[in-house]
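# Close look at the chain arrangement
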Amino acid sequence: MDDYARQATRLEAIGGHYDKWLLGAAVALASLGIVMVASSSIALTRSPFYYLDRHLLFIAIGAVLAAVAMRVELKKVEEHNRLLLVACAVLLLVVFVPGLGSTVNGARRWINLGVSKFQTVEAVKVLYIVWLSSYLVRFRDEVNATWPAMLKPVGVVGFLVCLLLLQPDFGSSTLLLGITICMLVLGGAQMKRIVLPALVLLAALVMLVIIEPYRMARVTSFMDPWVDQLGSGYQLSNALMAIGRGEWFGVGLGASIQKLNYLPEAHTDFIFSVIAEELGFAGVCSIVALYALLVGRALWLGMRCIEMRRHFAGYIAFGIALWIGLQTFVSIGVNLGILPTKGLTLPLISSGGSSVMMTCVAIGVLLRVSWEYNRAVRRQEVREEDSELLFEAAEDEPAATPATAGAIAVAMQRGAARGTSRMQQRVEPTFGRIA
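Residues numbered from 1 in each chain as written. Predicted model: local features only at pLDDT ≥ 70, side-chain atom pairs only at ≥ 80, totals over all residues. Heavy atoms only, no water.

## Here's the deal with the overall build of the chain
- When you go through the chain residue by residue, the secondary structure sums to 16 helices and three strands.
- When each of the 435 residues of the chain is scored for burial, the buried share is 47%.
- For the chain, contacts bridging at least 24 residues in sequence account for 73% of all contacts bridging at least 6.
- Carbon and sulfur atoms make up 66% of the accessible area of the chain, which totals about 20600 Å². (Helix = DSSP H or I, 4+ residues; strand = E, 2+ residues; numbered from the N terminus. Buried < 20%, exposed > 50% of the residue type's maximum accessible area, 1.4 Å probe, protein only. Contact = heavy atoms within 4.5 Å. Areas by Shrake-Rupley, 256 points an atom, 1.4 Å probe, with all protein chains shown as cover.)

Laid out in structure tokens, this is it:
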């Protein structure tokens, strides 16, 4: 076996490590979610631990799915990118199939699995981010240079949004649109090309709010919930009272009053208000810090992957970071009364089987990105060490033999091809250009 065969064998044996900061932040948020679901739902049913037991079950299933996602090579996922988009459309259409689709509170967003219901849009979020990441890799130059390549993802998300609005699900629609616009900017689309489609989509969303009375009522009630405290402003006014009672350090874990059937959806959409009431400003800051760590670390990981020309992995990290970051911002904003009421859960904390499981899958994919990035870094270091040894051996010899010279030349070519030379300029991520 020659030197290069031995090096290739040695490189294949090198693995990676999962990012401890990502894993730690996710585990901390999920653990806090278990505690707060138990506290916020204890008075909702005759069985005080009904929602806790379900939440623990979904967390366990999500952990298994995350473990599977952590072991799947990203290149294998990228090979089936087109099937992911088909799966998105099928999942959003299957809810309209009689016998499969299930309606809750006038919205047809779930499929009935017998033992439980599954909200398909949660899976669509993961699949769509992976598809859009693969699209930005395949058409990176075209997205920056031509209108058709940039508008294709806008058209795709427009189709998915139409299906969501038929359910209806306005919150997830705006979330997908926000993720798409931000990822196009990160993928290199020029800002002057992004502005026009963004304004058109924004105008369309405003019109959808105006023409639907219940959406318009949400907008007006969040502006001043005390005008109709027992009507349209009931949910938000009780959420604000819960937050106000928390003060600096809260009333104590389990001592919330608003969760006692005063605050609707206290264990799901408005769990943040219960956290603020029981843990106070200190608890709220801790949660925001954990989300900032999770999202910031994911964005950092995406930047590092782009610098190593691992664009697919980098865009996936960006997409998941945007998803968790935007959904967290909207959920907290709704609870604080700075955004209209939307049915978006607090990732990894709120009760909700579909959301919990799919967020766990997203975390698993993110950890896989970190593993492959760490593996690439370690292999790069080994290649650089081997190249340095070749150069040192050549310098020690009075006259380099043709075989040694050839080995050095091949090593330099391989290093340049892989972008592993220390002399090579680092590749910076391409953000939206103004000009």
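## Description of the packing of helix H6 (residues 120-138) against helix H8 (residues 147-166)
- Where H6 contacts H8, the two axes come as close as 12 Å, and the packing angle between them is 170°. In this view, H6 runs roughly antiparallel relative to H8, as classed from their interaxial angle. Along the contact surface, H6 presents Val121, Tyr128, Trp131, Leu132 and Tyr135, while H8 presents Pro148, Ala149, Lys152, Pro153, Val156, Val157, Leu160 and Leu164.
- A breakdown of the residues in the contact of H6 with H8 according to their chemical character gives 12 nonpolar, no polar and one charged. (Axes fitted to C-alpha atoms, helices over the stretch in contact; angles between N-to-C directions. Parallel < 35°, antiparallel > 145°, perpendicular 65-115°, else oblique. Nonpolar A, V, L, I, M, F, W, Y, C, P; charged D, E, K, R; others polar.)

## Digging into a nonpolar patch on the surface
- A grouping of Val195, Leu199, Leu202, Val206, Met207, Ile210, Ile211 and Met216 is seen on the molecular surface, where their side chains present a nonpolar patch of about 730 Å² in accessible area.
- If one sorts the elements of the nonpolar patch by residue count, helix H10 (residues 191-211) sits on top with seven residues.
- With respect to the element layout, Ile211 can be found in helix H10.
- For Ile211, a relative accessible area of 53% corresponds to the exposed category. (Patch = residues over 30% accessible without salt bridge, like charges linked within 9 Å, V, L, I, M, F, W, Y side chains within 5 Å. Salt bridge = Lys/Arg side-chain N within 4 Å of Asp/Glu carboxyl O.)

## Let's talk about the environment of Gly250
- Here Gly250 shows up in the loop between helix H12 (234-246) and helix H13 (271-307).
- The partly exposed category is assigned to Gly250, whose relative accessible area is 28%.
- A C-alpha to C-alpha distance of 4.5 Å links Gly250 and Glu278, two positions 28 residues apart in sequence.
- Once residues within four sequence positions are removed from consideration, Gly250 is found in contact with Glu277, Glu278, Leu279 and Gly280.

## Re the pairing of strand S2 (residues 107-112)
- With three bridges connecting them, strand S1 (residues 101-104) and S2 associate as antiparallel partners. Bridge pairing in S2 links Val104 to Ala107.
- Hairpin connection, S1 to S2: the antiparallel pair is bridged by two residues, and Asn105 has positive phi, about 55°.
- The pairing of S2 with strand S3 (residues 117-119) spans three bridges and is classified as antiparallel. Looking at S3, one finds that Trp110 is bridged to Gln119. (Pairing = 2+ DSSP bridges.)

## Description of the packing of aromatic side chains
- Applying the stated criterion to the full structure yields seven aromatic pairs.
- Both rings, one in Trp248 and one in Phe281, keep their centres 5.4 Å apart while their planes meet at 85°; by these two values the pair is edge-to-face. In this pair, Trp248 is assigned in the loop between H12 and H13 and Phe281 in helix H13, connecting sequence segments 33 residues apart.
- With relative accessibility at 59%, the residue Trp248 sits in the exposed group. (Phe/Tyr/Trp six-rings, centres within 6.5 Å; stacked < 30°, edge-to-face > 60°.)

## Focus: the sheet that holds S2
- Pairing within the open sheet is antiparallel, and its three strands lie in the order S1-S2-S3. Lying at the two open borders of the sheet, with one neighbouring strand each, are S1 and S3. In this sheet, adjacent strand axes meet at a mean angle of 50° when their direction is disregarded.
- Strand contacts of H6: S2 and S3, with the helix running at about 40° to S3, the strand carrying the most contacts.

## Things to note about the side chain of Ser237
- Along the polypeptide, Ser237 turns up in helix H12.
- Residue Ser237 is classed as buried on the basis of its relative accessible area, which comes to 0%.
- Sequence-distant contacts of Ser237, defined by excluding residues within four places in its chain, comprise Pro225, Trp226 and Gln229.

## As for unusual backbone geometry
- Note that the residue after Gln167, namely Pro168, is joined by a cis bond; omega there is -10°.
- Positionally, Pro168 belongs in the loop between H8 and helix H9 (170-186).
- Phi angles above zero are rare outside glycine, and Glu247 is one such case at about 50°.
- With respect to the helices, strands and loops of the structure, Glu247 is situated in the loop between H12 and H13.
- Here the phi dihedral of Glu265 falls at roughly 55°; this positive angle occurs in a residue that is not glycine.
- Along the chain, Glu265 turns up in the loop between H12 and H13.

## Observations regarding the nonpolar core
- Core analysis: the largest hydrophobic core is formed by 100 residues, its most contacted members being Tyr128, Leu136, Val143, Ile316, Ile320, Ile349 and Val369.
- Element by element, the count of residues in this core is highest for H13, at 14 residues. (Core = buried A, V, L, I, M, F, W, Y, C linked by side-chain atoms within 4.5 Å.)

## Regarding the environment of Thr180
- Among the structural elements, Thr180 can be located in helix H9.
- Put simply, Thr180 and Tyr128 are 52 residues apart on the chain and 9.3 Å apart in space, counted from C-alpha to C-alpha.
- Only 2.8 Å separates the side chain of Thr180 from the backbone oxygen of Leu176, close enough to count as a polar contact. (Polar contact = N/O pair within 3.5 Å; in protein donor to acceptor, adjacent residues only side chain to side chain.)

## So, the confidence of the model for the chain
- With 86% of its residues at a pLDDT of at least 70, the chain reaches an overall mean of 85.
- Confidence, expressed as mean pLDDT per element, reaches its minimum in the chain at helix H16 (residues 402-418) with 50 and its maximum at H13 with 96. (pLDDT = per-residue confidence, 0-100.)

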